[in-house]
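# A look at the structure
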There are 2 protein chains.
Amino acid sequence: MQPITDAMDLFRHQRAVRDWSDRPVTDDDLRIVLQAALHAPSGSNTQPWRFVVVRDQAVKDAISDEYEAAQTGDSAAPAARQPSGSGTLSRAPVLIVPCVQVPARTGRAGFQTGASVYPACQNLMLAARAVGLGTVMTTRHRIRRAQIHAILRIPEGYDTAAIIPLGWPDRAYGPNRRAPLDEFLVYDRWPE
Amino acid sequence: MQPITDAMDLFRHQRAVRDWSDRPVTDDDLRIVLQAALHAPSGSNTQPWRFVVVRDQAVKDAISDEYEAAQTGDSAAPAARQPSGSGTLSRAPVLIVPCVQVPARTGRAGFQTGASVYPACQNLMLAARAVGLGTVMTTRHRIRRAQIHAILRIPEGYDTAAIIPLGWPDRAYGPNRRAPLDEFLVYDRWPE
């Protein structure tokens, strides 16, 4: 994908990318997109996040196997299924797992908790798009949350918001398409 | 605030703006930022959102009064408190209330539901910053969610993700500041 330099062009060029070229993702590439994530807003500017950056193939394979099981609803152990390492998340050069601190008051991540981590995820994906990297955000892993938290050793007090595979895209992608804006707008209050 | 045209400059220039100049926000201004919201990703690309755009001063005042009550933990009826129309949300030229469809399976918005609406909120705020508009995202309204849903006539099946006041900022704002990136990174799996 061509880089995007104009700020207002960025939004309509974000696409879900699930196939990557062999071009390596450098640590500098990664730091650019992670730095963008850090600049996102969060509740009371607490920045309650951590980003797990997975390059280790064995860890990617283990996550991918659980993810594929979540996709298919398969309750068998990973070893009993398809060959390990064949899933989308195995093939991604890097997986980024944004984590958020769980509110102490409730002990669990709720709807509003997302306001303190999904803007950071979006910054990360937009910055990736700006430099020409491809990503996609999935939350499907949460169906096998316990297994994936065990693999990544996510500590008590944190929850995983998403898994974001990242790499140089396999091909060019056009702009995204949306229905007309007015279909999504309500003025002042919802009509009775 | 000066507009930002470079995509990679955008992230570090987003600031929370809570005071606005008298410059009117035009419908064209609004459509630019709302269009950016629409281009955000959502789970399975369902785009399960609506944006309530509030310009009516009486509606803004009613929301603001409830919001101020939520801030102070005041359980009295709004009429018993400070003069109506004095709060931050009353003074904003426009309030945008992003709403999201509640998953049918659970009947309520959960952590993951946020993955389908907070990226859109972030696009909206970034696009606002790009053109020089100021915003801030608050979820504090949820403490008085029932009252605010009644004012806006939010239908069953939708929940309100945030209230985002929007206007031309009262002054210039510098870049945001963050702790060093490495404080937020974990490699491959959390250390034991």
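This text follows the structure it describes.
Here the structure is a predicted model, which is why all the values come from computation and not from measurement. (Residues numbered from 1 in each chain as written. Chains lettered and ligands numbered in written order. Predicted model: local features only at pLDDT ≥ 70, side-chain atom pairs only at ≥ 80, totals over all residues. Heavy atoms only, no water.)

With that settled, the discussion passes to the overall build of chain A. Of the regular secondary structure elements, chain A holds six helices and six strands. Counted from the first residue to the last, chain A has its helices and strands arranged as α-α-β-α-α-β-α-β-α-β-β-β. For chain A, the C-alpha radius of gyration of 18 Å lies close to 16 Å, the compact-globule estimate for 192 residues. Its C-alpha atoms put chain A at 55 × 45 × 35 Å along the principal axes. (Helix = DSSP H or I, 4+ residues; strand = E, 2+ residues; numbered from the N terminus. Rg over C-alpha atoms; globule rule 2.2 N^0.38 Å.)

The next subject is the packing of aromatic side chains. Enumeration according to the criterion identifies six aromatic pairs over all chains in this entry. When the centroid spacing of 5.6 Å and the interplanar angle of 40 degrees are considered together, the rings of Phe-111 of chain A and Tyr-118 of chain B count as tilted. Taken together, the positions of Phe-111 of chain A in the loop between strand E2 (94-101) and helix H5 (118-131) and Tyr-118 of chain B in helix H5 (residues 118-131) put the pair across two chains. Summarising the burial analysis for this pair, Phe-111 of chain A and Tyr-118 of chain B share the class buried. Measuring from centroid to centroid gives 5.1 Å for Trp-190 of chain A and Tyr-158 of chain B, while their planes differ by 45 degrees, and the two rings are tilted. Taken together, the residues Trp-190 of chain A in the segment after strand E6 (185-187) and Tyr-158 of chain B in strand E4 (residues 158-160) connect one chain to another. (Phe/Tyr/Trp six-rings, centres within 6.5 Å; stacked < 30°, edge-to-face > 60°. Buried < 20%, exposed > 50% of the residue type's maximum accessible area, 1.4 Å probe, protein only.)

So, on to the pairing of E2 of chain A. All names here are of chain A. Burial analysis of E2 places seven of its eight residues in the buried class, which makes it a mostly covered element. Relative to E2, strand E1 (residues 49-54) runs antiparallel, the two being bridged by six bridges. The residue bridging Val-54 from the neighbouring strand is Leu-95, located in E2. Here E2 pairs with strand E5 (residues 164-167) via three bridges, running antiparallel. By the bridge assignment, Ile-96 is partnered in E5 with Ile-164. Note: E2 against strand E4 (residues 158-160), three bridges, orientation antiparallel. Counted as the bridge partner of Gln-101 is Tyr-158 from E4. (Pairing = 2+ DSSP bridges.)

The operation linking the two copies of the chain is a rotation about an axis combined with a translation along the axis. Aligned on chain B, chain A shows an RMSD of 0.0 Å; the corresponding rotation is 180 degrees and the shift along the axis is 0.0 Å. Within this description, the copies of the chain are treated as partners about a two-fold rotation axis. (Least-squares fit on C-alpha atoms with pLDDT ≥ 70 in both.)

All right, on to the interface of chain A and chain B then. If you look at the interface, chain A gives 76 residues, while chain B gives 77 residues. Taken together, both faces of the contact between chain A and chain B bury some 6600 Å²; the carbon and sulfur share is 62%. A per-residue breakdown of the area chain A buries against chain B is headed by Phe-111, Arg-178 and Trp-190 of chain A, which together make up 15% of the total. Our enumeration of links across chain A and chain B arrives at four salt bridges. With a shortest N-O distance of 3.1 Å, Arg-31 of chain B and Asp-182 of chain A are connected by a salt bridge. Between the two partners, chain A and chain B, sit 35 residue pairs in polar contact (both at pLDDT 80 or more). Broken down by secondary-structure element, the contributors of at least two residues to the side of chain A that touches chain B are helix H1 (7-10), helix H2 (27-38), E1, E2, H5, helix H6 (145-152), E4 and E6 of chain A. The element best represented in the side of chain A that touches chain B is H5 of chain A, accounting for nine residues. Counted by class, the side of chain A that touches chain B contains 45 nonpolar, 15 polar and 16 charged residues. As judged from the three bridges shared by E1 of chain A and strand E6 (residues 185-187) of chain B, these two strands associate in the parallel manner. Bridged to Val-53 of chain A within E6 of chain B is Tyr-187 of chain B. (Contact = heavy atoms within 4.5 Å. Buried area = accessible area lost by both parts, 1.4 Å probe. Salt bridge = Lys/Arg side-chain N within 4 Å of Asp/Glu carboxyl O. Polar contact = N/O pair within 3.5 Å; in protein donor to acceptor, adjacent residues only side chain to side chain. Nonpolar A, V, L, I, M, F, W, Y, C, P; charged D, E, K, R; others polar.)

All right, on to the nonpolar core then. Counting residues in hydrophobic clusters, the biggest one holds 82 residues, and the most contacted among them are Leu-34, Phe-51 and Ile-96 of chain A together with Leu-34, Phe-51 and Ile-96 of chain B. Contacts of Ile-96 of chain A, omitting those with residues within four sequence positions, involve Leu-30, Val-33, Leu-34, Phe-51, Val-52, Leu-124, Ala-162, Ile-163, Ile-164 and Leu-166 of chain A. (Core = buried A, V, L, I, M, F, W, Y, C linked by side-chain atoms within 4.5 Å.)

In this section: the side chain of His-141 of chain B. Following the sequence through the fold, His-141 of chain B ends up in the loop between strand E3 (134-135) and helix H6 (145-152). Residues in contact with His-141 of chain B, not counting those within four places in the same chain, are Tyr-67, Ile-148, Thr-160, Ala-161, Ala-162 and Ile-163 of chain B.

Residue and element names in this part refer to chain A. Non-glycine residue Ser-44 carries a positive phi angle of around 55 degrees. Along the polypeptide, Ser-44 turns up in the loop between H2 and E1. By relative accessible area, Ser-44 is classed as exposed at 68%. Located in the positive-phi region is Asp-188, a residue other than glycine, with phi close to 70 degrees. On the secondary structure map, Asp-188 appears in the segment after E6. Of the residues examined, Asp-188 reaches a relative accessible area of 22% and is grouped as partly exposed.

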